[in-house]
Number of protein chains: 2
Amino acid sequence: MRWEDIDSQVCSMARALAIFGDRWTLLIVRDAFRRIRRFSDFEKSLGITKHRLSDRLNRLVDEGVMKKALYDEKRGRYEYRLTQKGLELYPVLMSVVQWGDKWACDDDGFPVEFRHKTCGHVSVPRYVCDCCNEPIDPRDMQPIPGPGVERKRARGELVQNEHSRNM
Amino acid sequence: MRWEDIDSQVCSMARALAIFGDRWTLLIVRDAFRRIRRFSDFEKSLGITKHRLSDRLNRLVDEGVMKKALYDEKRGRYEYRLTQKGLELYPVLMSVVQWGDKWACDDDGFPVEFRHKTCGHVSVPRYVCDCCNEPIDPRDMQPIPGPGVERKRARGELVQNEHSRNM
DNA sequence: TCTATAAGGTTCTTTTTTGGAACCTATCGC
DNA sequence: GCGATAGGTTCCAAAAAAGAACCTTATAGA
């Protein structure tokens, strides 16, 4: 399968990764969360080539993850900012950072921690069930087909077992 | 910067993405969570070429995210299973899936939901502060340098402002 | 006025990485 | 013996990425 067809899978993960699952995109989003907004600042921060950066920023704008905002009318200069769609990538970034802190760290320890302004403490956010508030253990999560699968199945659009690859 | 040097950044995210931030790896891990274990089953599920799959599985084993387990001594056949390091990618996958459910969905709705066996309810896990249990808003999280940055800075190893790209 | 510089790109060329298909090897069931 | 199966490897063409050079407009400074 070509990567560009990956989002044809009935799988939210495949469709999400079609947008940000390449080499640089998530690092660009990371920088955007760090309030980097201008082309040249992304360039300096990432060490990415202009070509690639231009391409990735445009793609993020096309996908609605970032938006351009004019900041210099004379020269037609735009900043790149996260949209709501982009802001909601925060849990993705946070979980990647936490995993990296634990498993891809050098001997000096993790590079950064976070203070939760609301309560004032250094926080290590955790994933909990929105119902019982208990931390999630993968073995306790049982996948069940949602509407996106049931409706397609009712219309006979799914090949055998395709519903089983729908995480 | 070459992608293969990306993990030299003092950034947990860059170092994590150096391991699983390419096109296929996270989809392979997804399948592993779905109890797919054998080469040919990954191949069928993903539509990836053998070449690529072999390469990615070996890399995951090298990185300690998966391990090989002999299941047919005669033929020297191995299964690929997640290690603890791999199992702890669950929040990453889950947050990607949730984002995809919300933002990369077709009109039929999300393909899958999850029942939390512990409490018996359909659950949408969320990130909360481990201190005050409130849901996390990105704007409330203030990054502060951790030991991985402070120690390097004390040894004079950081160039100006490098600590500021350490998420 | 002339020149230099900066931002935000685009173009060109070379390397790397993919995708796709064909091929290989050992064992098993018949 | 004969085809099927699992788990690869090899080869080649196509796509994507890296690196450098170049372009355009505007503004700052000599």
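Just above, that's the structure.
Parameters and conventions
- Residues numbered from 1 in each chain as written.
- Chains lettered and ligands numbered in written order.
- Predicted model: local features only at pLDDT ≥ 70, side-chain atom pairs only at ≥ 80, totals over all residues.
- Heavy atoms only, no water.
- Phe/Tyr/Trp six-rings, centres within 6.5 Å; stacked < 30°, edge-to-face > 60°.
- Lys NZ or Arg CZ within 6 Å of the ring centre and 35° of its normal.
- Near = heavy atom within 4 Å.
- Polar contact = N/O pair within 3.5 Å; in protein donor to acceptor, adjacent residues only side chain to side chain.
- Buried < 20%, exposed > 50% of the residue type's maximum accessible area, 1.4 Å probe, protein only.
- Helix = DSSP H or I, 4+ residues; strand = E, 2+ residues; numbered from the N terminus.
- Pairing = 2+ DSSP bridges.
- Axes fitted to C-alpha atoms, helices over the stretch in contact; angles between N-to-C directions.
- Parallel < 35°, antiparallel > 145°, perpendicular 65-115°, else oblique.
- Contact = heavy atoms within 4.5 Å.
- Nonpolar A, V, L, I, M, F, W, Y, C, P; charged D, E, K, R; others polar.
- Least-squares fit on C-alpha atoms with pLDDT ≥ 70 in both.

A. Up close: the packing of aromatic side chains. Across all of its chains, the model carries seven aromatic pairs over all chains by this definition. A cation over a ring is seen here: Lys68 of chain A above Tyr78 of chain A, with NZ or CZ 4.9 Å from the ring centre.

B. Inspection of the protein's contact with DNA strand D at higher detail. Among the 21 residues in the neighbourhood of DNA strand D, the closest are listed as Arg52 and Arg56 of chain A together with Arg2, Tyr71 and Arg77 of chain B. If you look at DNA strand D and keep only atoms within 4 Å of the protein, 70% of those are sugar or phosphate atoms. Between His51 of chain B and DNA strand D, the recorded distance is 3.3 Å, taken from a side-chain N or O atom to a base nitrogen. Here a phosphate oxygen of DNA strand D and a side-chain polar atom of Ser54 of chain B are 3.2 Å apart.

C. Highlighting the pairing of strand E3 (residues 112-116) of chain B. Only one face of E3 of chain B is buried, namely the one carrying Val112, Phe114 and His116 of chain B, since none of Glu113 and Arg115 of chain B on the opposite face is buried. Relative to E3 of chain B, strand E6 (residues 141-145) of chain A is paired through five bridges, and the arrangement is antiparallel. Residue pairing for E3 of chain B: Pro143 of chain A is matched across the bridge by Phe114 of chain B. Note that E3 of chain B and strand E4 (residues 121-123) of chain B share three bridges and pair antiparallel. Counted as the bridge partner of Arg115 of chain B is Val122 of chain B from E4 of chain B.

D. Representation of the packing of helix H6 (residues 90-103) of chain A against helix H1 (residues 12-20) of chain B in the model. Following both chains from N to C, one finds H6 of chain A and H1 of chain B inclined at 90°, their axes separated by 8 Å at the closest point. It follows from the interaxial angle that H6 of chain A and H1 of chain B lie roughly perpendicular. Residue-level contacts link Leu93, Val96, Val97, Trp99, Gly100 and Asp101 of chain A of H6 of chain A to Ser12, Met13, Ala16, Leu17, Ile19 and Phe20 of chain B of H1 of chain B. Looking at the contact of H6 of chain A with H1 of chain B residue by residue, the class counts come to nine nonpolar, two polar and one charged.

E. Representation of the relation of the copies chain A and chain B in the model. For these two chains of identical sequence, chain A goes onto chain B by a turn of 180° and a shift of 0.0 Å along the axis, with RMSD 0.1 Å. Look at the turn and shift together and you get a two-fold axis relating the two. Here 100% of the interface residues in chain A have copies in chain B that are interface residues too; the copies meet face to matching face.

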